[in-house]
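Read off the chains here:
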Amino acid sequence: MKVTFKIQKFNPENDTKPYMKEYTVATHPNAAVLDCLNDIRWHQDETLSFRRSCGHAICGSCAMNVNGKNGLACQTLIKDLKQGVITVRPLPSFPIIKDLVVDLDKFYAKFSKVIPYLNNDGPVPEKERIQLPEQQKIIEESTTCILCASCTSSCPSFWADDDYLGPAALVKAFRYVFDTRDTTAEKRLKMVNDKNGVFRCHTIFNCNEACPKDINITGHIAELKLALVTTKM
Amino acid sequence: MKKNVYEPRYRYHAGTVAWILHRLSGLALILYLAMHIWVIHHLNRPLDFNNIMAFLNEPVFKILELGLWGVIVYHALNGLRIIMIDFFTRKGAAVQKQMFWGAVVLGVVVFAAGAIPFVGTMIK
């Protein structure tokens, strides 16, 4: 089967603004969008730039906007897309470096703002820090985030305000705020209570739709909001 | 690259539609409230007030009033949906689409319950 792709191209050295270029690829319904992009790069246009690494939806490199929705190119199968031309753009609202490659520096900077690692002021135990299965269950879903930036780039609150922490950073904040082994929950809650924190979330649910790991992101942010209004700090 | 703009090319779904309608109905309610206060503040001048009320009895305002009822019903019911998400967090967010369609169906029923008698008196 032949599929036509419309891919956004932009080379800052030659182009003043991004433009769309069409490619036709012979492929299979079970092929992923990433397979087709590889095909284009290897056989048609070697200047086409995109990030990819594992190809198995766990590294989070190939996040892009396919037919108007963010997701991983390696996880998006041709047969699951609407028939017709497939439009591929870079993640919206991040600065473009080249073609489908975007600058994620600010995304990672915000991520490090929420202290994304375990902190415990207590004495260091001889073995590992114990956590009960039911305590793990609270944070299990949020630990599956692969940091692909699909959610943050899909969020209208983030489009409107660059400084908004964004869904990905908030999910990570949740992951450590509700981790029973962590003792710096209050510090993190204060951080997400900032004017660029959780209350910028207007429950639009673009992040939930975009997440390739099906994390209920808006639900997690709602839980952070509830924790903020019910705990004394 | 230009920043701080809405991305109209992004795909819409129930959540986006609910949010946009909630914003627009909120703005419409603010506009209504301002007009309402402006009308009511004429009460201390009965003659002016009577003139304004006569003007507001024109059919176009009756139709706008019907629209106002629709806006109120949507904003209230979707507001309840957002409250559900806020208080039932992950469980609420998991059924947000069903809650949106529930609000739409319930909204149509509540709207009709108010609109049918209203239109009845208008025709008379």
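Note: the structure precedes this text.
Throughout what follows, the structure given in this document is the object of discussion. Each chain carries its own residue numbering, running from 1 in the written order of its sequence. Chain A is the first chain written and ligand 1 is the first ligand written, with later ones labelled in order. Residue-level local features of this predicted model are given only where pLDDT is at least 70; pairs of side-chain atoms are given and counted only at 80 or more, and the full residue set underlies all totals for whole chains, interfaces and linings. Side-chain figures throughout are based on the complete set of non-hydrogen atoms in the structure, without hydrogens or water.

A few points about a nonpolar patch on the surface
All names here are of chain B.
Then, in step 1: By definition, no residue in a patch forms a salt bridge, and every one has over 30% relative accessible area; like charges are joined within 9 Å, nonpolar side chains (Val, Leu, Ile, Met, Phe, Trp, Tyr) within 5 Å. The Shrake-Rupley method, run with a 1.4 Å probe, gives the accessible areas here. Residue values count only the displayed protein chains as cover. In the sections that follow, a salt bridge refers to a side-chain nitrogen of Lys or Arg positioned within 4 Å of a carboxyl oxygen of Asp or Glu. A surface patch of nonpolar side chains, amounting to about 530 Å² of accessible area, comprises Leu-80, Ile-83, Met-84, Phe-87 and Phe-88.
Then, in step 2: Helical segments are the DSSP runs of H or I of at least four residues, strand segments are the runs of E of at least two, and each set is numbered from the N terminus. Along the polypeptide, Met-84 turns up in helix H3 (residues 59–94).
Then, in step 3: To sort residues, take the accessible area from a 1.4 Å probe on protein chains only and compare it with the maximum for the residue type: under 20% means buried, over 50% means exposed, and anything in between is partly exposed. By relative accessible area, Met-84 is classed as partly exposed at 38%.

Thoughts on the interface of chain B and chain A
Then, in step 1: Any two residues whose heavy atoms approach within 4.5 Å are treated as being in contact. On the chain A side, the residues contacting the 25 residues of chain B number 36 residues.
Then, in step 2: Taken together, the two surfaces of chain B and chain A that pack against each other cover about 2600 Å², and 57% of this comes from carbon and sulfur.
Then, in step 3: Where chain B touches chain A, the interface holds three salt bridges.
Then, in step 4: Where Lys-97 of chain B meets Glu-209 of chain A, a salt bridge forms, and the shortest distance between an N and an O atom there is 2.8 Å.
Then, in step 5: Whenever two N or O atoms come within 3.5 Å, that pair is a polar contact, provided that in protein one can donate a hydrogen and the other can accept it, and provided that, for residues adjacent in sequence, both atoms are side-chain atoms. For the interface between chain B and chain A, the tally reads 10 residue pairs in polar contact (both at pLDDT 80 or more). Buried area is a sum: the accessible area each of two parts loses on coming together, probed at 1.4 Å, counted once for each and added.

Comments concerning the sheet that holds strand S3 (residues 63–66) of chain A
Residue and element names in this part refer to chain A.
Then, in step 1: Sheet architecture is open: five strands sit in the order S2-S1-S5-S3-S4, paired in mixed fashion. Strands at the two margins of the open sheet, each flanked by one partner only, are strand S2 (19–26) and strand S4 (69–72). Here the average twist between neighbouring strands, direction ignored, is 35°.
Then, in step 2: DSSP bridges decide pairing: two strands pair if at least two such bridges lie between them. Strand direction decides the pairing type here: strand S1 (residues 2–9) and strand S5 (residues 86–89), joined by three bridges, are parallel. The residue of S5 that forms the bridge with Ile-7 is Val-88. Geometry is summarised by axes, namely lines fitted to C-alpha atoms with helices restricted to the contacting stretch, and by angles between N-to-C directions that run from 0 to 180 degrees.

Looking at the packing of aromatic side chains
Then, in step 1: For this analysis, a ring pair means two rings from Phe, Tyr or Trp (six-membered ring only for Trp) whose centres lie within 6.5 Å, classed as stacked if their planes differ by under 30 degrees, edge-to-face if by over 60, and tilted for the remaining angles. Per the stated rule, a full pass over the model turns up nine aromatic pairs over all chains.
Then, in step 2: Seen in terms of ring centroids, Phe-107 of chain A and Tyr-108 of chain A are 5.4 Å apart; in terms of plane orientation they differ by 65°. Their pairing is edge-to-face.
Then, in step 3: On the basis of relative accessible area, Phe-107 of chain A is assigned to the buried category, the value being 5%.
Then, in step 4: Centroid distance Phe-55 of chain B to Phe-61 of chain B: 5.1 Å. Interplanar angle 65°. Geometry classified as edge-to-face.
Then, in step 5: Judged by relative accessible area, Phe-61 of chain B falls into the partly exposed class, the value being 26%.
Then, in step 6: Aromatic ring contacts, followed pair by pair, group Phe-94, Phe-107, Tyr-108 and Phe-158 of chain A into a single cluster.

Looking at the environment of Ile-7 of chain A
Residues and elements named next belong to chain A.
Then, in step 1: You can see Ile-7 is positioned in strand S1.
Then, in step 2: Separated by 157 residues in sequence, Ile-7 and Tyr-164 have C-alpha atoms that sit 29 Å apart.
Then, in step 3: Those residues within four positions of Ile-7 in sequence are excluded, and the remaining contacts are Tyr-19, Met-20, Lys-21, Tyr-23, Leu-37, Ile-40, Leu-48, Val-88 and Leu-100.

Description of unusual backbone geometry
Then, in step 1: For Leu-147 of chain A, which is not glycine, the phi dihedral falls at a positive 60°.
Then, in step 2: Examined against the element boundaries, Leu-147 of chain A turns out to sit in the loop between helix H3 (133–140) and helix H4 (150–154).
Then, in step 3: Take Leu-147 of chain A: its relative accessible area is 23%, and that puts it in the partly exposed class.
Then, in step 4: Residues other than glycine seldom take positive phi values, yet Thr-89 of chain B does so here, at roughly 30°.
Then, in step 5: Positionally, Thr-89 of chain B belongs in helix H3.

Some details on helix H4 (residues 96–123) of chain B
Residues and elements named next belong to chain B.
Then, in step 1: Spanning 28 residues, H4 covers 39 Å between terminal C-alpha atoms, matching the ideal 40 Å at 1.5 Å per step.
Then, in step 2: Every buried residue of H4 is accounted for by Gln-96, Met-99, Phe-100, Ala-103, Gly-107 and Ala-115.
Then, in step 3: Tucked inside the fold, the buried residues of H4 contact helix H1 (14–40) and H3. By this rule, a helix spans an expected 1.5 Å times one less than how many residues it contains.

Just geometry here; none of it tells us what the structure is for.
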